[in-house]
Amino acid sequence: MSACVRSVPTPDVPPPPVEPSKVIAQIQDWEDRRSLGDGELPRLATSAPEAAVRVRALRALARIQDVETLEAVLVGLTAPEKAVRDEAAFAAGELAQSWEPLPDDVRAALTEALVRAESTEADGWVRITLLEALGKLATPGAVEVLTARLSPASGPWSEAAATALGVAARKAGAAAVANIPLERVRALLNPRLRSEVNVAGAYLLAASKRPDAVDALRSCLANAHPDVMALCVKGLGDVGGPRDTMGLNLMLGDPTPRVSAEAARALAKLAAKCEAGSPCEPLLALEGQAHLAMQVAEGKAAKGHVLLAVAQQGLPLQGRPVLSRLRRALAEADLAAVSEEAHADLAWLDCRFAAAMDRQQGALEQVRQCGYGRVPEARWLALGLHEVAQSKGQPAGAAFAVPYLDHVSPIVRGAALDALSERPVPEAMAPIRALIGGGDAVVAGLAASAAGKLKDAEALTAVQALADRVPKEPDLAEAVAGALVALQGQAAEPRLREWLNHPHANVRRVAAESLTALTGAPVRSARVELPPETYRPPAASPGTTLTLRTRKGDIKVLLDPEAPLTGGNLAALAKQGYFRGVTFHRVVPDFVAQGGDPRGDGEGGPGYSIRCEMTRRPYARGTVGMALSGKDTGGSQFFFTHSPQPHLDGRYTAFGEVVQGMDVVDALLEGTVIDDVIVGTRAP
């Protein structure tokens, strides 16, 4: 009977449609695994019937940042739906600022496509996204278009164009925007225009660092908007002179912490331009801020930002009496401090000033008596080592750091290694060699890097053994790659080429950059798809909040549903009590306050990394972002922004905003302790 069966061809029937929600869930999986789904993801970005699916696919391509997807992104720029065009423009901007430099032909293709799309785009919001992407690209063609959109100042594109040009200057250097007609920028600072336009103009003016813009910077100090004032003050610090002291001195008294701190930093910069032996007005102005120590003692921690900015910037040797006077004021204020938190703030500030004084003379002296016994030894020693290593008066080598290579604290050993990497000395070779095989990965990597700087051929065996650990400890890659290139030269190429296919994106980036330097020819890594079992944190549900409890008050953060895994990662760590007792280890006034590192030196994390989830959220004042050391290297460190920082947009995952307690963010100082982080839900 089987011989009688005929094969009947089946009609070409298309498969049944898949629910868009299921497709989007699949896209989420591909995105987190850094997979293109065997080409299905780019196909969905260009051909999916539903615009929502194409938008979600383009967001995934933006986060994956693979030049192979360029064509799919460019197709999206011409889609009939404005939501698709807008997402494609964002994806183009993300490609433009890939952690690995783009090939010249890709940069040219992106420039041509974005310029063409911007010239024909009818929707205002999409056009703004295109201008933002051009700023991230920062090619001459992109700058030309952005410059044309600056005028008229009251036009619909001037704000976006000015901000984008500021971003271009931050990325490609001030020379990239040096030929912009200054009158176009000055026109944006007219107080009769919207304040957002004024801020954008001030941002561009500060980023361009043009000596011929001094008068414009001086005039905009009278603007009532704090961000405009802070940006113009910052610009004067870069291109102004001692004659600007009077105007900056007035800004020191501004009630907004970021404005007064920026004025202090600018005066510290201008002090370096004073002639030795002559009266220095910027120093006199800074010495007059000694009264702020008593305000910190009274619990007004935000006033400490002025003092912190001075200590971080440092002063020339001529300013040593000023640093000494401010330290005395801190010590006197400590006697009257109203709380343990105020005592702690004064102690940490004292160590900052002590380290600044040690940097002046190139020796660890003042930090040995800093902090009134309240700052842990490891923290003041590490701070002192870092500062002394930057001393301009320091002899060629950092021999002072050698005794600290066997310190019990890994933070101190790491700081000593950093100093010796900056200023190597032969007597450090043997003790550095011994640290390369240690159990602390951060110290081992820094030791390998220092051995490379010392050209210590005897360290090669230990460095190669450390390189064997990179597959399981990817954070070692950057330090080890530099050491291999320094000690092996061309012989390091085979191992580095193996790393081009490592699962961790940052290892691949490091390998590509090292091979480019080694061979003299551009090298790019391949995209590597992560296995399905790769760790991903639980997603945070919409409305999730994190409340940081500190002795200065609470800070409530509303997580962004556009970055559910990033927010979910911190929420999961918080539920484990991970952040209890962790400090804000880095506070840069008018920039960021960064915490979440249990080590306390900026090198720590939870022992794993998560993938970046770039969002459309701009870095405005109070935005919460993920600290990174490269692509997909997020862990537990996060930061709050004190002011708008457009150059961070799309570069670091922005995953939330401060909804309560911004005054507490302004009061954070180095050493402020996080008592706990509470996970909650915002009331509807």
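Residues numbered from 1 in each chain as written. Predicted model: local features only at pLDDT ≥ 70, side-chain atom pairs only at ≥ 80, totals over all residues. Heavy atoms only, no water.

Q: How would you sum up the side chain of N506? Please name residues and give values.
A: As for its placement among the helices and strands, N506 is situated in helix 28 (residues 505-519). Overall, the relative accessible area of 9% leaves N506 in the buried class. When neighbours within four sequence positions are excluded, N506 is seen to be in contact with S629, G630, K631 and T633. (Helix = DSSP H or I, 4+ residues; strand = E, 2+ residues; numbered from the N terminus. Buried < 20%, exposed > 50% of the residue type's maximum accessible area, 1.4 Å probe, protein only. Contact = heavy atoms within 4.5 Å.)

Q: How would you explain the pattern of salt bridges if you had to name every residue and give the values?
A: For the coordinates displayed, the defined rule picks out 53 salt bridges. The closest approach of N and O atoms between R536 and D29, which form a salt bridge, is 3.1 Å. Here R536 is found in the loop between helix 28 and strand 1 (544-550), whereas its partner D29 is found in helix 1 (residues 20-33), with 507 residues between them in sequence. One salt bridge connects R599 with D440, and the closest N-O pair in it is separated by 2.9 Å. Taken together, the residues span a long stretch of sequence, with R599 in the loop between strand 4 (592-595) and strand 5 (623-626) and D440 in the loop between helix 23 (429-436) and helix 24 (441-454) at a distance of 159 residues. (Salt bridge = Lys/Arg side-chain N within 4 Å of Asp/Glu carboxyl O.)

Q: Which residues make up the state of the cysteines, and what are the values?
A: Inspection of every chain in the model, using the stated rule, returns three disulfides. With its sulfur 1.7 Å from that of its partner, C220 forms a disulfide with C232. As the torsion about the S-S bond is roughly -130°, the C220-C232 disulfide counts as left-handed. With a gap of 12 residues between them, C220 in the loop between helix 12 (214-219) and helix 13 (226-239) and C232 in helix 13 connect regions that are remote in the sequence. Note on C232: relative accessible area 0%, which makes it buried. Each sulfur in the disulfide pair C274 and C280 lies 2.1 Å from the other. Taking the sign of the torsion about the S-S bond as the criterion, the disulfide between C274 and C280, at about 70°, is right-handed. The same class applies to C274 as to C280, namely buried. What connects to what in the protein chain, once the bonded cysteines are numbered by sequence position, is 1-2, 3-4, 5-6. (Disulfide = S-S within 2.5 Å.)

Q: Would you mind going over the packing of aromatic side chains in detail, with residue names and values included?
A: Across all of its chains, the model carries nine aromatic pairs by this definition. Centroid distance F638 to F640: 5.8 Å. Interplanar angle 70°. Geometry classified as edge-to-face. Assessed through its relative accessible area of 1%, F640 is described here as buried. Measuring from ring centre to ring centre gives 6.3 Å for F639 and Y652, while their planes differ by 80°; the resulting arrangement is edge-to-face. Here Y652 lies in the loop between strand 6 (638-641) and strand 7 (654-660) and F639 lies in strand 6, a separation of 13 residues in the sequence. The rings of Y578, F579, F584, F638 and F640 are connected pair by pair, giving a single aromatic cluster. (Phe/Tyr/Trp six-rings, centres within 6.5 Å; stacked < 30°, edge-to-face > 60°.)

Q: Can you break down the sheet that holds strand 4 residue by residue, with the values?
A: Read from one edge of the open sheet, eight strands run 3-4-6-5-7-2-1-8, paired in antiparallel fashion. Only two strands of the sheet have a single partner each, and these edge strands are strand 3 (584-588) and strand 8 (674-681). Across the sheet, the mean angle from the axis of one strand to that of its neighbour is 25°, orientation sign disregarded. Here four bridges tie strand 2 (residues 553-559) to strand 7, and the two strands are oriented antiparallel to one another. Considered in strand 7, the bridge of L558 is made with E657. Helix-sheet contacts for helix 29 (residues 564-575) involve strand 1, strand 2, strand 5, strand 6, strand 7 and strand 8, and the interaxial angle to strand 8 is about 120°. (Pairing = 2+ DSSP bridges. Axes fitted to C-alpha atoms, helices over the stretch in contact; angles between N-to-C directions.)

Q: Requested: an account of the packing of helix 11 (residues 195-208) against helix 13, with residues and values cited.
A: Where helix 11 meets helix 13, the axes come as close as 8 Å, and the angle between the chain directions of the two elements is 15°. Comparing the axis directions of helix 11 and helix 13 gives the class roughly parallel. For the pair helix 11 and helix 13, the sense of crossing is left-handed. In this structure, helix 11 contributes N198, V199, A202, Y203 and A206 to the contact, and helix 13 contributes D227, V228, L231, C232 and G235. Of the residues contributing to the contact of helix 11 with helix 13, the split by class is seven nonpolar, two polar and one charged. (Parallel < 35°, antiparallel > 145°, perpendicular 65-115°, else oblique. Left-handed = near helix turned anticlockwise from the far one by under 90°. Nonpolar A, V, L, I, M, F, W, Y, C, P; charged D, E, K, R; others polar.)

Q: Account for empty space enclosed by the protein, with residues named and values stated.
A: With the rule as written, the count across this model stands at five cavities of 30 Å³ or more. Counted as a void, the largest cavity has a volume near 80 Å³. For the largest cavity, the full set of lining residues is L546, L548, V557, L570, F579, V624, F638, F640, F655 and V677. Of all the elements in the fold, those that place two or more residues in the lining of the largest cavity are strand 1 and strand 6. Considering only residue class, the lining of the largest cavity consists of 10 nonpolar, no polar and no charged. (1 Å grid on protein atoms, 1.4 Å probe; cavity = no way out; pocket = protein on both sides within 12 Å on 5 of 7 lines; lining within 4 Å. Points joined across faces, edges and corners; volume = space filled by probe spheres on them.)

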